[in-house]
Amino acid sequence: MQEAIRKSEVLIEALPYIKSYANKIFVIKYGGSALLDPVIKKGVLQDIVFMSYVGIRPVLVHGGGPFINEELNKAGIKVEFKNGLRVTPKETMDIVAKVLSGVNQGIAADIKALGGRAVSFDALGKNAIKAKPHKNAAGMGFIGEVGSIDADAVKKAVRPRSVPVISSVGIGSDGTHYNVNADDVASAIAAAIKAVKFVLLTDVKGIMREKGDEGTLISTLTMDNAEKLIEEEVIKGGMIPKVRACTRALAGGISKTHIIDGRIPHSLLLEIFTDKGIGTEIVKS
Ligand SMILES: Nc1ncnc2c1ncn2[C@@H]1O[C@H](COP(=O)(O)OP(=O)(O)O)[C@@H](O)[C@H]1O
Ligand SMILES: [Mg+2]
């Protein structure tokens, strides 16, 4: 009995959040090793299906770096990064498109198995990302940046209880595939479809001052201070596009951006339905 009462209290505590987020779009980017672990993955997708059932409109953008590396290794192709960007010659690009398409279909199937609905956007089917060659990646192959987002197509997929699942391959004006950082894709989508919240799920607690030391987690960071930490090389590698994605999302009108740990069970629900919040929040000022 006590347990049942406690459960109803928890549900009632979430009511103000459920009310204020009804019909609001949340863009969630999910990547890294949090995608590899089936238990973690199921928890994340359960949270997303839950959100869709209580009236929130989640949009899921995913990467798939670890799976891509695995396939490249199998094919005997070198995995190479420069300035945090994956060197992407044609044969690598073909593998990226194929692998991310597989990841996309897998996520969509899992969402359906959990009772949700999913609409896939990937390089080999429907695509909503117009890409162009990345300006800082000359000679590094098919690395792209977002040119524009087909906002109408994504918005059409944002129906009650249906979750657009979007992979980070973009298409150039001549039909060429480009490998685009999934954090960048997510922020462009968030701005294009007027999301209210932007959440990056990753495989660390959030932004830390000392690498690997969770005691140095920064809970709130302004855009200006985030840029300073990039200059000071406190924020490095894969965390740089995340910070810049948050900055662009804020500039594009999204009010809340968060970098949280996808490995914590139900981190999305904790972030959304409690006051405390977890991970790092990036704010305008
Ligand atoms: N200051 C920092 N705080 C936390 N992580 C950082 C920081 N600087 C660099 N990183 C790195 O950024 C990584 C997250 O980016 P990335 O590997 O691209 O993950 P994802 O697959 O989620 O995009 C972390 O695993 C960590 O190694
Ligand atoms: Mg990354």
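Right above here is the structure, for reference.
Structure report, in brief. Numbering of residues starts from 1 in every chain and runs along the sequence as written. Written order decides the labels, with chains lettered from A and ligands numbered from 1. It should be noted that, the model being predicted, local features are given only for residues of pLDDT at least 70 and side-chain atom pairs only at 80 or more, the latter also being counted only at that level, while totals for whole chains, interfaces and linings use all residues. Excluding hydrogens and water, the side-chain figures rest on all heavy atoms present in the structure.

**Some remarks on the sheet that holds strand β12 (residues 220-222)**
And step 1. Here we have eight strands laid out as an open sheet, ordered β5-β8-β2-β1-β11-β13-β14-β12, and mixed in their pairing. Of all strands in the sheet, those bounded by a partner on one side alone are β5 (117-121) and β12. On average, each strand axis in the sheet is tilted by 20 degrees relative to the strand beside it, whichever way the strands run.
And step 2. Two elements, strand β1 (residues 25-30) and strand β11 (residues 197-202), share five bridges in a ladder whose sense is parallel. Looking at β11, one finds that Val 27 is bridged to Phe 198.
And step 3. Contacts between helix α4 (residues 90-113) and the sheet are confined to β2 (57-62), β5 and β8 (162-167), with β5 contributing the most and set at about 170 degrees to the helix. What makes two strands pair is DSSP finding at least two bridges between them. Secondary structure follows DSSP: runs of H or I at least 4 residues long count as helices, runs of E at least 2 residues long count as strands, and numbering of each begins at the N terminus. A fitted line through C-alpha atoms serves as each axis, taken over the contacting stretch for helices, and the angle formed by two N-to-C directions is quoted from 0 to 180°. Residue contacts follow a heavy-atom distance rule, with two residues in contact if any of their heavy atoms lie within 4.5 Å.

**Details of the pattern of salt bridges**
Oppositely charged side chains are able to pair whenever their charged atoms sit close together.
And step 1. Salt bridges, as used here, are contacts in which a Lys or Arg side-chain nitrogen is within 4 Å of a carboxyl oxygen on Asp or Glu. Applying the stated criterion across every chain yields a total of 13 salt bridges.
And step 2. Between Asp 94 and Lys 90 there is a salt bridge, and its shortest N-O distance comes to 2.8 Å. Of this pair, Asp 94 and Lys 90 both sit in helix α4, four residues apart, which is roughly one turn of the helix.
And step 3. Salt bridges here are not isolated pairs; linked through shared partners, they connect Lys 205, Glu 214, Asp 261 and Arg 263.

**Observations concerning the site of ligand 1**
And step 1. Surveying the vicinity of ligand 1 reveals 16 residues, the closest of which are Thr 202, Met 208, Val 234, Lys 236 and Lys 242.
And step 2. Counted as a polar contact is a pair of N or O atoms within 3.5 Å, where, for protein atoms, one must be capable of donating a hydrogen and the other of accepting one, and residues adjacent in sequence contribute only when both atoms are in side chains. Here Met 239 contributes a backbone N or O atom positioned 3.4 Å from an oxygen atom of ligand 1.
And step 3. Taking Lys 242, its side chain carries an N or O atom lying 2.6 Å from an oxygen atom of ligand 1.
And step 4. A 1.4 Å probe and the Shrake-Rupley method give the accessible areas. Residues count as covered only by the protein chains that appear here. Considered on its own, ligand 1 offers 570 Å² of accessible surface; in the complex 78% of this is hidden by protein.
And step 5. Only Asp, Glu, Lys and Arg are considered charged, only Ala, Val, Leu, Ile, Met, Phe, Trp, Tyr, Cys and Pro nonpolar, and every remaining residue, Gly among them, polar. By residue class, the composition of the shell around ligand 1 is six nonpolar, five polar and five charged. In these notes, residues near a molecule or strand are those with any non-hydrogen atom within 4 Å of it.

**Observations regarding the packing of helix α7 (residues 223-231) against helix α8 (residues 239-251)**
And step 1. Running from N to C, α7 and α8 cross one another at 155 degrees; their axes reach a closest spacing of 11 Å. When the interaxial angle is binned, α7 and α8 end up roughly antiparallel. The interaxial crossing formed by α7 with α8 has left-handed handedness. Contacts between α7 and α8 involve Met 223, Ala 226, Glu 227 and Ile 230 from the first element and Ile 240, Val 243, Arg 244, Thr 247 and Leu 250 from the second. Oblique is the label for any angle not covered by the other classes, which are roughly parallel (under 35 degrees), roughly antiparallel (over 145) and roughly perpendicular (65 to 115). What makes a crossing left-handed is the near helix being turned counterclockwise from the far one by less than a right angle; a clockwise turn instead makes it right-handed.

**Some points on the pairing of strand β14 (residues 280-283)**
And step 1. Here β14 shows two buried faces, one formed by Thr 280 and Ile 282 and the other by Glu 281 and Val 283.
And step 2. Across three bridges, the pairing between β12 and β14 is parallel. Bridged to Thr 220 within β14 is Glu 281.
And step 3. As paired elements, strand β13 (residues 256-261) and β14 share three bridges and run antiparallel to each other. Across the sheet, the residue bridging to Ile 259 is Thr 280, located in β14. Whether a residue is buried, partly exposed or exposed follows from its accessible area with a 1.4 Å probe, protein chains only, as a fraction of its type maximum: under 20%, in between, or over 50%, in that order.

**Quick look at α4**
And step 1. Expected span of a helix: the number of residues minus one, times 1.5 Å. End to end, α4 covers 35 Å across 24 residues, agreeing with the expected 34 Å (1.5 Å per residue, within 8%).
And step 2. Residue Gly 115 follows α4 closely and has a positive phi angle near 95 degrees.

**With respect to the nonpolar core**
And step 1. Joining through side-chain atoms within 4.5 Å is the link that ties buried Ala, Val, Leu, Ile, Met, Phe, Trp, Tyr and Cys residues into a set, and such a set is a nonpolar core. Among the nonpolar cores identified, the biggest contains 43 residues, and Val 27, Ile 189, Phe 198, Ile 207 and Ile 282 are the most heavily contacted of them.
And step 2. Broken down by element, the residue count for this core peaks at six residues, all from α8.
And step 3. Ignoring sequence-local partners within four residues, the contact set of Ile 189 consists of Val 27, Val 59, Val 61, Ile 149, Val 154 and Ile 166.
And step 4. Membership of the second largest hydrophobic core comes to 40 residues, among which are Tyr 30, Ala 34, Ile 107 and Leu 269.

**Brief notes about the side chain of Asp 47**
And step 1. For Asp 47, the location among the structural elements is in helix α2 (residues 38-53).
And step 2. Here Asp 47 is buried and forms no salt bridge, its nearest opposite-charge partner Lys 42 lying at an N-O distance of 11 Å.
And step 3. When near neighbours in sequence (up to four residues on either side) are disregarded, Asp 47 contacts His 266, Ser 267, Leu 268 and Leu 269. Positive residues here are Lys and Arg, negative ones are Asp and Glu, while His and the chain termini are left out of the count.

**Quick word on unusual backbone geometry**
And step 1. Of note, Asn 23 is a non-glycine position whose phi angle comes to about 65 degrees, a positive value.
And step 2. Along the chain, Asn 23 falls in the loop between α1 (2-21) and β1.
And step 3. Unlike most non-glycine residues, His 266 shows phi in positive territory, near 55 degrees.
And step 4. Within the secondary structure, His 266 sits in the loop between β13 and α9 (267-273).

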